[in-house]
Structures are given as C-alpha cells and as structure tokens.
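The chain contents come next:
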Amino acid sequence: MKKFDYIIKDKVGIHARPAGILVKEARKFQSSIILGKEGKTAEATKLMAVMGLGVKCGQTVTVTIEGADEDNAYEAMKAFFEANL
C-alpha cells in the first residue's frame, strides 16, 4: 500500500471538471485508489463519490493506493495532483 497527502491548490477545489479528469486517470490502473478527507472516503473511479467529498481549496486529501500496479499508479496520481489540483 502506498499513500500520500496533498493540499488542494485549485481555487475552486475538486469540482466537476477536475473530478472527471481525476476519475479518468484513476481508471487507467488496476489498483484501488481511495481519496480521503476528514474521515470520509471515496473511490477515485466514482465521479459522484469524489465530488461528494466536497474538497475545497486549502484542504488536505489523503490518497491511498493498493494493488498490482500501485507503484505506477502512485507516481501517476501524485503527478496528476501536482499538475491539476
């Protein structure tokens, strides 16, 4: 299992457009990718669940990755967050 924390820098947080792109990115991997915020969690492959977390600018998200391709998924997701959120 791999895990990282990320502070959201996007002014409007994880809203519809970046959430959709995030889901698309997460679906490229076999590993389970879970986003967590303040005790709530959501599978990164489920758009409504990701949006349901209500992540705002300045909040910290914990990304947990577990599975067959977790090393590749970890690197890709970390790069995605840094580039887009």
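Our subject is the structure listed above.
As the structure is a computational prediction, the values presented were derived from the model and not from experiment.

J.: Sorry if this is basic, but what is going on with the overall build of the protein chain here?
T.: Of the regular secondary structure elements, the protein chain holds 3 helices and 4 strands. Mapped from its N terminus to its C terminus, the protein chain presents α and β elements in the order β-α-β-β-α-β-α. Taken over the C-alpha trace, the protein chain has a radius of gyration of 11 Å; the compact-globule value for 85 residues is 12 Å, and the two agree within 12%. Projected onto its principal axes, the C-alpha coordinates of the protein chain cover approximately 35 × 25 × 20 Å. For the protein chain, buried positions account for 41% of its 85 residues. Once local pairs closer than 6 in sequence are excluded, the contacts in the protein chain between residues at least 24 apart make up 72%. Carbon and sulfur atoms make up 51% of the accessible area of the protein chain, which amounts to about 4,900 Å² in all. Counting 13 positive and 11 negative side-chain charges, the protein chain places the averaged centre of each group 9 Å from the other.

J.: Got a minute to help me understand the environment of Lys2 in this structure?
T.: In this fold, Lys2 is placed in strand β1 (residues 2-7). Residue Lys2 is classed as partly exposed on the basis of its relative accessible area, which comes to 27%. Along the chain, Lys2 and Ile33 lie 31 residues apart, while their C-alpha atoms are 9.7 Å from each other. Ignoring anything within four residues of it in the chain, the contact list for Lys2 reads Val63, Thr64, Ile65, Glu70, Asp71 and Tyr74.

J.: Any chance you could explain the pairing of strand β4 (residues 60-66) here in plain terms?
T.: Residues in a regular strand project their side chains so that they alternate between the two faces of the sheet. One ladder, built from 6 bridges, connects β1 with β4; its direction is antiparallel. Along β4, the bridge assignment pairs Ile7 with Thr60. Pairing of strand β2 (residues 32-37) with β4, which is carried by 5 bridges, proceeds in the antiparallel orientation. Note on β4: the bridge partner recorded for Ile33 is Ile65.

What counts as what
Residues numbered from 1 in each chain as written. Predicted model: local features only at pLDDT ≥ 70, side-chain atom pairs only at ≥ 80, totals over all residues. Heavy atoms only, no water. Helix = DSSP H or I, 4+ residues; strand = E, 2+ residues; numbered from the N terminus. Rg over C-alpha atoms; globule rule 2.2 N^0.38 Å. Buried < 20%, exposed > 50% of the residue type's maximum accessible area, 1.4 Å probe, protein only. Contact = heavy atoms within 4.5 Å. Areas by Shrake-Rupley, 256 points an atom, 1.4 Å probe, with all protein chains shown as cover. Lys, Arg positive; Asp, Glu negative; His and termini not counted. Charge placed at Lys NZ, Arg CZ, Asp CG, Glu CD. Pairing = 2+ DSSP bridges.

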